[in-house]
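Listed here are the chains, written in short residue letters.
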Amino acid sequence: MGTVVDDAASVEFHAFFERHYAELSRLAHLLTGEADAADDLAADALLALWHRWDRVRAADHPVAYARGVVANLARTRIRSAVRERRRVALFWSQREERTENPDVAGVVDVQEALRRLPFRKRACVVLRHAFDLSEKDTALALGISVGTVKSQTSKGMAELQRLLGTQGAPLKVHAAAMARTGDAGGRNR
C-alpha cells in the first residue's frame, strides 16, 4: 500500500499527464514528422518523467523539462532512422522518389519543409512558431541559450521561407501544428 506522499505524487503526476500529453504528442509529431510515433514518444517521455517525478515536480519549469525530454527522444529517433536508412542504402540502390509538381495540401508542404531542417533549427521553429513559446521557454526546453534560440529560429525561418517560397512561413507552421489535432487555439502554455 502506498504512502500519503506517494498517493499525492501520483495524483499530481496524473494531473500533469492529462494537461500536457496532447501538447507533448504534437511536439513529437512536428519534430519527427511521424504521426504514428508521436504518441509513443510522448508516452515514453512521460514514463521517464514519472520515474524522476520528485525531481521534475520540484523543478522551476516542469513543462520545459518535459519538452526537453520529448526533444531528446525525438532526436534519438531521428538519428536512429538516419542510421537505418544508411544501412538500407548499402543494400538497395537508391532511386528518386520525388514526383514532379506534387499536388499536396499546405500542411504537407510545411511538414516536408520542416523535415528538411536540421534538428535544432526545426525544434526552435516548432517551439517558437507552432507552440508560441517565448525564446526563454524554448531555450529551457532544448537546453540551449536564448541567443542560440534566436539564431537557430531566424536561420530556420529563412530556410523555410526559401523552401516554401513565401513570407508567411510562421503562419503556415502554426497552421500545420493545429491541423494535427484540430486545435484552433487551445494550446497549453
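For the structure, check the block above.
Scoring rules and cut-offs
- Counting of residues starts from 1 at the beginning of each chain's written sequence and follows it residue by residue.
- Residues qualify for local features only when their pLDDT is at least 70, as the model is predicted, and side-chain atom pairs are given and counted only at 80 or more; totals for whole chains, interfaces and linings, by contrast, use all residues.
- In computing side-chain values, all of the structure's heavy atoms are included and hydrogens and water are not.
- Centre distance within 6.5 Å is the pairing criterion for rings of Phe, Tyr and Trp, where only the six-membered ring of Trp is used; planes under 30 degrees apart are then read as stacked, over 60 as edge-to-face, and the remainder as tilted.
- Numbered from the N terminus, helices here are DSSP runs of H or I no shorter than four residues, and strands are runs of E no shorter than two.
- Each residue is assigned to one of three classes by its accessible area relative to the maximum for its type, calculated with a 1.4 Å probe on protein chains only: buried under 20%, partly exposed between the two thresholds, exposed over 50%.
- Residues belong to one nonpolar core when they are buried, are Ala, Val, Leu, Ile, Met, Phe, Trp, Tyr or Cys, and are joined through side-chain atoms within 4.5 Å.
- In this analysis, two residues are considered to be in contact whenever any of their non-hydrogen atoms come within 4.5 Å of each other.

Novice: Please explain the packing of aromatic side chains as it appears in this structure.
Specialist: Geometrically, a pair of aromatic rings is defined through the distance of the ring centres and the angle of the planes. Taken as a whole, this structure holds 4 aromatic pairs when the rule is applied. Aromatic side chains Phe-13 and Trp-50 sit 5.0 Å apart centroid to centroid with 50° between the ring planes, which places their arrangement in the tilted category. Of this pair, Phe-13 sits in helix α1 (residues 4-32) while Trp-50 sits in helix α2 (residues 35-51), and the two are 37 residues apart along the sequence. Using a relative accessible area of 12% as the deciding quantity, one classes Phe-13 as buried. The partly exposed category is assigned to Trp-50, whose relative accessible area is 36%. Among the aromatic side chains, those forming a connected cluster through ring pairs are Phe-13, Phe-16, Trp-50 and Trp-53.

Novice: I'm lost on the nonpolar core in this one. Help?
Specialist: Leu-31, Leu-49, Leu-114, Val-126, Phe-131 and Leu-160 are the most contacted members of the largest nonpolar core, which has 45 residues in total. Within the residue set of this core, elements represented by two or more residues are α1, α2, α3 (53-58), α4 (62-91), α5 (106-116), α6 (119-130), α7 (135-142) and α8 (146-164). It is α1 that provides the largest number of residues to this core, a total of 8 residues. Those residues in contact with Val-126, other than ones at most four positions away along the chain, are Leu-27, Leu-30, Leu-31, Leu-114 and Phe-131.

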